[in-house]
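Examining the three-dimensional arrangement
Each chain, written out:
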Amino acid sequence: MEEMKKTVLIGVTGCIAAYKSCELVRALQKKGYRVKVVMTENATHFVDPTTFRALTNEPVAVNLFAGAADPIYHISLAQEADLFIIAPCTANVAAKVACGLADDLLTTTALATEAPLVIAPAMNVHMYQNAITQQNLKTLAARGITIVEADEGYLACGEVGKGRMPEPAQLAEIVDDILSAPKDLAGKKVMITAGPTIEPIDPVRYISNPSSGKQGYALAQAAQTRGAEVVLVSGPVSLDAPAGIKVVPVKTACQMMEACSESFPECDIAIFTAAVSDMRPSIVADAKLKKGVNDKELSSISLVENPDILKTCGHAKKPGQIVIGFAAETNDVIENAQKKLATKGAQAIVANDVSEGKGFGADENDAFFVTQDEVKPFGPLSKRQLADAILDEALILASTL
Ligand code: CTP
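All of the points below concern the structure found in this document. Because the structure is a prediction, the values reported are computed rather than measured.

The next point concerns the layout of surface pockets. A water-sized probe rolled over the atoms picks out the places where empty space is left. Of the volumes computed, that of the largest pocket is approximately 2,200 Å³. The wall of the largest pocket is formed by 45 residues, among which Thr-146, Ile-147, Val-148, Gln-221 and Arg-384 lie closest to the centre. Mapped onto the lining of the largest pocket, the elements with two or more residues apiece are α7 (131–142), β5 (146–147), α8 (168–180), α9 (214–225) and α14 (383–400). Along the lines of polarity and charge, the residues of the lining of the largest pocket split into 18 nonpolar, eleven polar and 16 charged. Its volume calculated, the second largest pocket comes out at about 800 Å³. Looking at the lining of the second largest pocket, the elements that each hand over two or more residues are α9, α12 (309–316), β16 (322–329) and α13 (333–344). The residue makeup of the lining of the second largest pocket, split by class, is 13 nonpolar, 14 polar and seven charged.

Spelled out as structure tokens, the structure:
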């Protein structure tokens, strides 16, 4: 028997990029999805519903009350969808969805659906950058909605900047990732450390590093998509964690150690991406250190060693637990990672070459997955792809225990 096709509902709003939604229909159909379209009234000024009707071979809905055959069409549409993608999404519709306003068929369906929601905003650069729009997008992301950042480039209004709807092929890829993600981590608990730690010198100064936290957050998101229960122990970063992930915010290495000591015993897989400060000032001044007054303290700060969180957990691991560390190296990348395997008590080290500014804050990563038996080169991969590759390896390691 032929497998039932999954249904992707595309919401099209009143934006010039609406013509790209026609290509999105095709791109999703090519991936084997059944596609339906719901439009706002304004969207029909850009593309006629007939076009989508012909492309999808399905009725195209615009009005809440027009479908006499089905008086509660928003509910049946919402239930039918395996995923709802609003592309392009205007500032207005993003604002409405963020507030839970439901005054037409598209926004009502967005509120009624239990399917994953993806939003691809597209608008004028100033509207996109407006703090109100950005706040709305943050609110949506915090509710677990996937926001696809707008592309930069030439905009229909004649300006150049951020606000273009990403290419349909890219959007179809994102949809496919969400819908075809294996749930191979269902029932597993995954702990991830991420970001930098900050070690205070006085109330206004600290020792830290430029870790963005992106790799740890990508791992957390990938693990959650694959069905894991995720605890993300995170140093200070400017990223929002997707809804459903338990975030334990920490500042210092000692706080991170404490949070990990609590979560580690319960987890099946622990991945340590945090860039933990190896040392912390031995004395933290209660008041700001002043030039002329505290010159001695300012010119030489005495340091003490921080707990090594990976090492502590690695050596405390119980049979069945998988511990994976990261190593940022500038030279002898693989040899250094191999040494760390033993000293840290980890089954694997993901070794990153951070020479010449690679790694920190970047969106793409070259890495080696180093275990006792082999060295697998990964990359260049996006942080999300690397995250999935690491989780694949973690499952292989778990199956060999
Ligand atoms: N790590 C940790 N706690 C620390 C230091 C490091 O958990 N206090 C973890 C990191 O999250 C990473 C791994 O250990 O997974 C490797 O960190 P790295 O800084 O490369 O190793 P170090 O042990 O600090 O060794 P070195 O600085 O000599 O390379």
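Our next topic: the site of the ligand. Taken together, 14 residues form the shell around the ligand, and within it Phe-272, Ala-274, Phe-326, Lys-340 and Lys-344 come nearest. Here the ligand, which alone exposes 570 Å², has 74% of that area covered by the protein. Put simply, the ligand lies in the second largest pocket. For the shell around the ligand, the secondary-structure elements that each account for two or more residues are α12, β16 and α13. It is β16 that provides the largest number of residues to the shell around the ligand, a total of four residues. Residues belonging to the shell around the ligand are distributed by class as follows: nine nonpolar, one polar and four charged.

Time to look at the side chain of Arg-226. Mapping Arg-226 onto the fold places it in the loop between α9 and β11 (229–234). On the accessibility criterion, Arg-226 (3% relative accessible area) is buried. Here Asp-392 takes part through its side chain, which lies 2.6 Å from a polar atom of the side chain of Arg-226. Beyond its immediate stretch of four places on either side in the chain, Arg-226 contacts Pro-182, Lys-183, Asp-184, Leu-185, Ala-186, Asp-388, Leu-391, Asp-392 and Leu-395.

Parameters at a glance
- All chains use their own residue numbering, which begins from 1 and follows the written sequence.
- A pLDDT threshold of at least 70 governs which residues receive local features in this predicted model, and a stricter bar of 80 or more applies before side-chain atom pairs are shown or counted, although totals over entire chains, interfaces and linings include all residues.
- Excluding hydrogens and water, the side-chain figures rest on all heavy atoms present in the structure.
- Here a cavity means grid points, on a 1 Å grid over the protein atoms only, where a 1.4 Å probe fits yet cannot get out; a pocket means an open set of points with protein on both sides within 12 Å along at least five of seven lines; lining residues are those with an atom within 4 Å of a point.
- Grid points are joined across faces, edges and corners, and a volume is the space filled by probe spheres set on the points.
- Runs of E in the DSSP output that reach at least two residues are strands. Runs of H or I that reach at least four are helices, and both are numbered from the N terminus.
- Side-chain classes follow a simple rule in which Ala, Val, Leu, Ile, Met, Phe, Trp, Tyr, Cys and Pro form the nonpolar group, Asp, Glu, Lys and Arg form the charged group, and the remainder, Gly included, forms the polar group.
- We call a residue near a given molecule or strand whenever any one of its heavy atoms falls within 4 Å of it.
- In this description, accessible areas are obtained by the Shrake-Rupley approach with a 1.4 Å probe, and a residue is regarded as covered only by the protein chains that are shown.
- Any molecule with more than half of its atoms within 2 Å of a cavity's or pocket's grid points is regarded as sitting in that cavity or pocket.
- Type-normalised accessible area, obtained with a 1.4 Å probe on protein chains alone, sets the label of each residue: buried when under 20%, exposed when over 50%, and partly exposed for intermediate values.
- Polar contact is defined as a pair of N or O atoms within 3.5 Å, subject to the rule that within protein one atom must be able to donate a hydrogen and the other to accept it, and that residues adjacent in sequence are counted only when both atoms are side-chain atoms.
- For this analysis, residues touch if any pair of their heavy atoms sits within 4.5 Å.

Just geometry here; none of it tells us what the structure is for.
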